[in-house]
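Understanding the architecture of this molecule
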Amino acid sequence: MASQHHDTGYKELFSHPEFAQQLIEGFAPAEIAALMNFTTLRQHNGHYITPMFEEKIEDVVWSVEVTWNGATQEVYLYILLEFQSSVDRTMPIRLMHYVACFYSELLKQKVTTPRQGLPPVFPVVLYNGVDRWAAPLDVYRMIAPEPPSFLQVYQPHLRYYLVDEGRYTDEELGLVQTPLSGVFSVEKASKDRRSLQQAVDRIVAIIQADPNKDRTDAIITRWLKRHLQRLGAEVNLDRLNSLVEDKDMLAENLQTWAQKERQEGRQEGLQEGLQEAEKRALEEKRNAARNLIARTEMEDQLIAEITGLAVEEVSRLRSENKH
């Protein structure tokens, strides 16, 4: 099953070290984040077409130094951006394949050798689909039935850490005051225009408190413009150059967009109501015609005049009645 990725702007977000750090510190197990020295983050090329899955892989790879029991070593953060609308249950197989290809690439580029050994990886799947994640978190869990104990040691194992955006409540996201948590809030709120404005206000407040305000503002503004384009927002994005400076203009645009959607929704509801009323009226006419056909000797023309139906329609109903 091939992933159909759309340009979410997340790949650019995670090309900045602070967002990789915010993902791990805010959403990965605290004991893992505590071991990492985020000042040592270095980005690596993790993008390639694999022979097994000929698809565009949305992944980002960083290395970071980890100190464990007094020893410092490098760990690779393999972040896979999984933005399909539904869950891909082959994910454990796909991820095992991607990590194997990544290791092959390290050997090919002579970053390491088989004798020196392979560095550890921390695979992270970031998912923002509508359905809750249901795929196993370890490829071993896909092996069924579970093999007897003497075979278990020979089975493949690769576990990944899942960040399922839709699983987090607004309260949980509110506890993580980072630009990335603000991005997740905007994503979650996108179906409700009023909530979207509140989420944008929250992310602006986070940016204003950021020590690197101008840089963060530029990165988030680029992402939000791309996000609003994907939503089909009728917002003047050409004038949106800074979320902080242009927040009032954006708020006005979002309000206008929400009002237009509500108005279109009301018109659509009115149209549906009219259509439903017309269907009911037509069915009432047909029932009246059926009664006249069954209980009188009236001709079709006269029944048509009484009920307001076309003569052809009355004739059709008479034919149905005979059958």
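Up top is the structure these notes are about.
Along every chain, residues carry numbers that run from 1 in the direction the sequence is written. Note on the predicted model: pLDDT of at least 70 is required for a residue's local features to be given, and 80 or more for side-chain atom pairs to be given and counted; whole-chain, interface and lining totals, by contrast, use all residues. Hydrogens and water molecules were not included; the side-chain quantities draw on all heavy atoms of the structure.

1. A closer look at the pattern of salt bridges
Between Lys or Arg on one side and Asp or Glu on the other, a salt bridge is scored when a side-chain nitrogen of the former is within 4 Å of a carboxyl oxygen of the latter. Counted under the stated rule, the structure contains 13 salt bridges. One salt bridge connects Arg226 with Glu12, and the closest N-O pair in it is separated by 3.6 Å. Residue Arg226 is located in helix H9 (residues 213–231), and its partner Glu12 is located in helix H1 (residues 10–13); the two are separated by 214 residues in the primary sequence. Among the salt bridges present, the one from Asp300 reaches Arg318, with a minimum N-O distance of 2.7 Å. With Asp300 in helix H11 (residues 300–307) and Arg318 in helix H12 (residues 311–322), this residue pair connects regions lying 18 residues apart in the sequence. Taken together, the shared-partner salt bridges connect Glu283, Arg286, Arg290, Glu313, Arg316 and Glu320 into one network. Secondary structure elements follow DSSP: runs of H or I no shorter than four residues count as helices, runs of E no shorter than two count as strands, and numbering proceeds from the N terminus.

2. With respect to the layout of surface pockets
A cavity here means a set of points on a 1 Å grid, drawn over the protein atoms and nothing else, where a 1.4 Å probe fits but cannot get out; a pocket is an open set with protein on both sides within 12 Å along at least five of seven lines, and a residue lines either one if it has an atom within 4 Å of a point. Grid points are joined across faces, edges and corners, and a volume is the space filled by probe spheres set on the points. The calculated volume of the second largest pocket comes to roughly 180 Å³. When residues of the lining of the second largest pocket are traced back to their parent elements, those giving at least two are strand S2 (59–68), strand S3 (71–82) and strand S4 (121–127). For the lining of the second largest pocket, the per-class residue count stands at nine nonpolar, one polar and no charged. The nonpolar class holds Ala, Val, Leu, Ile, Met, Phe, Trp, Tyr, Cys and Pro. Asp, Glu, Lys and Arg form the charged class, and all remaining residues, Gly among them, are polar.

3. Some remarks on the packing of helix H2 (residues 17–27) against H9
Working convention: axes come from line fits to C-alpha atoms, limited for helices to the stretch in contact. Angles between N-to-C directions cover 0 to 180 degrees. Following both chains from N to C, one finds H2 and H9 inclined at 80°, their axes separated by 11 Å at the closest point. When the interaxial angle is binned, H2 and H9 end up roughly perpendicular. Contacts between H2 and H9 pair Pro17, Glu18 and Phe19 from the former with Arg215, Ile219 and Ile220 from the latter. Residues that form the contact of H2 with H9 fall into these classes: four nonpolar, no polar and two charged. Should an angle lie under 35 degrees it is considered roughly parallel, over 145 roughly antiparallel, and from 65 to 115 roughly perpendicular; all remaining angles are considered oblique. Here a residue-residue contact requires only that any non-hydrogen atoms of the pair lie within 4.5 Å.

4. Observations regarding the sheet that holds S3
By definition, two strands form a pair when at least two bridges between them are found by DSSP. Strand order in the open sheet made by the five strands is S1-S2-S3-S4-S5, with mixed pairing throughout. Taken across any chain shown, the strands that pair with only one partner, and hence form the sheet edges, are strand S1 (36–44) and strand S5 (161–164). When the angles between neighbouring strand axes are averaged without regard to direction, this sheet yields 25°.

5. Some points on the packing of aromatic side chains
A ring pair, where both rings are aromatic, is described by two values, the distance of the centres and the angle of the planes. Only Phe, Tyr and Trp rings take part, Trp by its six-membered ring, and two of them pair if their centres are within 6.5 Å. Stacked means planes under 30 degrees apart, edge-to-face means over 60, and tilted covers everything else. Scanning the model with the defined rule gives 10 aromatic pairs in all. Taking 5.2 Å as the distance between ring centres and 70° as the angle between the ring planes, the aromatic pair formed by Phe27 and Tyr168 counts as edge-to-face. Of this pair, Phe27 sits in helix H2 while Tyr168 sits in the loop between S5 and helix H6 (170–175), and the two are 141 residues apart along the sequence. Across this residue pair, the class does not change: Phe27 and Tyr168 are buried. Taking NZ or CZ as reference, Arg167 lies 4.7 Å from the ring centre of Tyr168, over its face. Only protein chains enter the accessibility calculation, which uses a 1.4 Å probe; a residue is then buried when its area is under 20% of its type maximum, exposed when over 50%, and partly exposed in between. Here, a charge over a ring is recorded when the distance from Lys NZ or Arg CZ to the ring centre is within 6 Å and its angle to the ring normal is within 35 degrees.

6. Section: a nonpolar patch on the surface
Two joining distances apply to patches: 9 Å for like charges and 5 Å for nonpolar side chains (Val, Leu, Ile, Met, Phe, Trp, Tyr), and every residue must have over 30% relative accessible area and no salt bridge. Method for areas: the Shrake-Rupley scheme with a 1.4 Å probe, in which residue coverage is limited to the protein chains shown. A surface patch of nonpolar side chains, amounting to about 490 Å² of accessible area, comprises Phe150, Leu151, Val153 and Tyr154. Mapping Leu151 onto the fold places it in helix H5 (residues 149–152).

7. Observations concerning helix H7 (residues 179–189)
Counting buried residues in H7 gives 10 out of 11 residues, a clear majority hidden from the surface. Pro179, Leu180, Ser181, Gly182, Val183, Phe184, Ser185, Val186, Glu187 and Ala189 are the residues of H7 that are buried.

8. Describing the pairing of S2
Counted residue by residue, S2 has seven buried out of 10 residues, so it is predominantly covered. As judged from the five bridges shared by S1 and S2, these two strands associate in the antiparallel manner. By the bridge assignment for S2, Arg42 is matched with Ser63. The antiparallel pairing of S2 with S3 creates a hairpin that spans two residues between the two strands, and Asn69 there sits at a positive phi of about 55°.

9. A short note on the packing of H11 against H12
Two numbers describe a pair of packed helices, the interaxial angle and the distance between the axes. Across the interface, H11 lies against H12 with an axial gap of 8 Å and an inter-helix angle of 115°. It follows that H11 is roughly perpendicular to H12 by the angle criterion. The hand of the H11/H12 crossing is right-handed. Contacts between H11 and H12 pair Asp300, Gln301, Ile303 and Ala304 from the former with Val311, Val314, Ser315 and Arg318 from the latter. Two helices that cross are described as forming a left-handed crossing if the nearer one is turned anticlockwise from the farther one by less than a right angle, and a right-handed crossing if clockwise.

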